[in-house]
Amino acid sequence: MFDKIQDQVPIGQGLKTRNRVVLAPMTLSACEPGGYVSQADIDFYERRSLSAGLLITGSAYVHPQGQAFADSFSAAEDDKIEGLSRLAQAMKKNGSLAILQLYHGGRMVAPHLIEGQPVAPSAVKAEHGYVAEPRALKHQEVEAVLEAFLAATRRAIAAGFDGVELHGANTYLIQQFFSPHSNHRRDKWGGSLNNRMRFAKTLLKKTKQLAKQAGRPFLVGYRFSPEEIEEPGITLADSLQLLEQLITLEVDYLHISASAAFRPSLRQKEAGPPILLDIVKKIRDRVPLIAVGAIQTRQDAQAVLDAGVPLVSLGRALLLDPDWTAKVTSEEATDLITVYRDDLQEHLKLPTSFVEDLRDYLENTYEDHHI
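Owing to the predicted nature of the structure, the values given are computational and were not obtained by experimental measurement. Numbering of residues starts from 1 in every chain and runs along the sequence as written. The predicted nature of this model means local features are confined to residues of pLDDT at least 70 and side-chain atom pairs, given and counted, to a pLDDT of 80 or more, with totals for whole chains, interfaces and linings taken over all residues. Side-chain metrics rest on all non-hydrogen atoms present in the structure, leaving aside hydrogens and water.

### Thoughts on the overall build of the chain
Test applied: Only DSSP runs of H or I covering at least 4 residues are called helices, and only runs of E covering at least 2 are called strands; the numbering of each starts at the N terminus. Both definitions apply: the radius of gyration is a C-alpha atom measure, and the globule rule equals 2.2 Å times residues to the power 0.38. Three exposure classes are used, based on accessible area relative to the maximum for each residue type with a 1.4 Å probe and protein chains only: buried under 20%, partly exposed in between, and exposed over 50%.
Helix and strand content of the chain: 14 helices and 13 strands. Relative to the globule expectation of 21 Å for 371 residues, the C-alpha radius of gyration of the chain, 19 Å, shows essentially globular dimensions. For the C-alpha atoms alone, the extent of the chain along its principal axes is close to 60 × 45 × 45 Å. A total of 371 residues make up the chain; the buried ones form 58% of that total.

### A closer look at the pairing of strand 12 (residues 289-292)
To keep it simple, the criterion reads: One requirement defines pairing of two strands: DSSP has to find at least two bridges between them. Here the term right-handed applies to a crossover when the path leading from its first strand over the helix to its second strand runs clockwise, the strands being oriented away from the viewer.
Both faces of strand 12 are covered, namely the face carrying Leu289 and Ala291 and the face carrying Ile290 and Val292. Across two bridges, strand 11 (residues 253-256) lies against strand 12 in parallel orientation. Directly across from histidine 255, in strand 12, lies its bridge partner isoleucine 290. Taken together, strand 11, helix 8 (residues 275-283) and strand 12 form a β-α-β motif whose crossover is right-handed. Bridging between strand 12 and strand 13 (residues 311-314) involves three bridges; their strand directions are parallel. Each bridged residue has a counterpart across the sheet, and for alanine 291 the counterpart in strand 13 is valine 312.

Shown next, in the form of structure tokens:
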């Protein structure tokens, strides 16, 4: 039954994952000042390459104006390529695929991180986070942001990554263009649903064209949040239309962002069936789908696989036990590490700053966070 976790999964043109386990993108904020890869970053990802067949970095900003996290990866300058290359090599050391996640924080950027006013599709402040009212991007600036993503993709190719993931989720800039809450534009980048999809579609199309020039198989994935709680906000129906367009444009994989893999709609007052089922039905195995959220045990993972999802993305589970895959596919599943202790830090290769920032989260049981 559990052999499915160890199955290879074809992805893109000519690539396969070593197994069905994905390291979820998590921002460690352990970089050297200026967004340079640190040894702590390298140690963290290399350690988890033992379990995950596909590893996705925490989000790397493509433009200094888009940095939403302190001490996080930069893919915005050529002098970052050397460190990113060492990171990619570490991620791939045990036969895994290495993906660099690219993003621009847009209106979710805290002003103190960029020493200025954030930019967004429209001058509409987010309803959550320690954020300010952003400045609306001018038409030529939208084109410049697209070019920044492409330049970051060129750096990912040069650094030896197996692909990039366009971060169209978690209310960052790509999602902000798609959302009727954050996008009030009246040019070709806003207004109708088709116009609000234009930024994501244009970015994917241009990134795919660039990937074909890499001289080797190079993946372009897309992460999405299926819904928004804001009014007006993205609905599941909107997202299903976007997914259809992305598949038509030959996206290599799709990656859901959700707190729980089987959660119901955020927008319906009465809990209905898991929206994952609608997404699986829409995709129809045309591209690999990655599901995430509350996947802790082999039974959790198997339930996702049995729902027709080929890849499972693990965050907390791989933070606390980098040997998760070997354990759940053997008789050692009862030995899973589920709570952090300081004597485990070296074994887990967790950056000290990350531990100190998230100590409460790491030291409490999973159930304590899902009461």
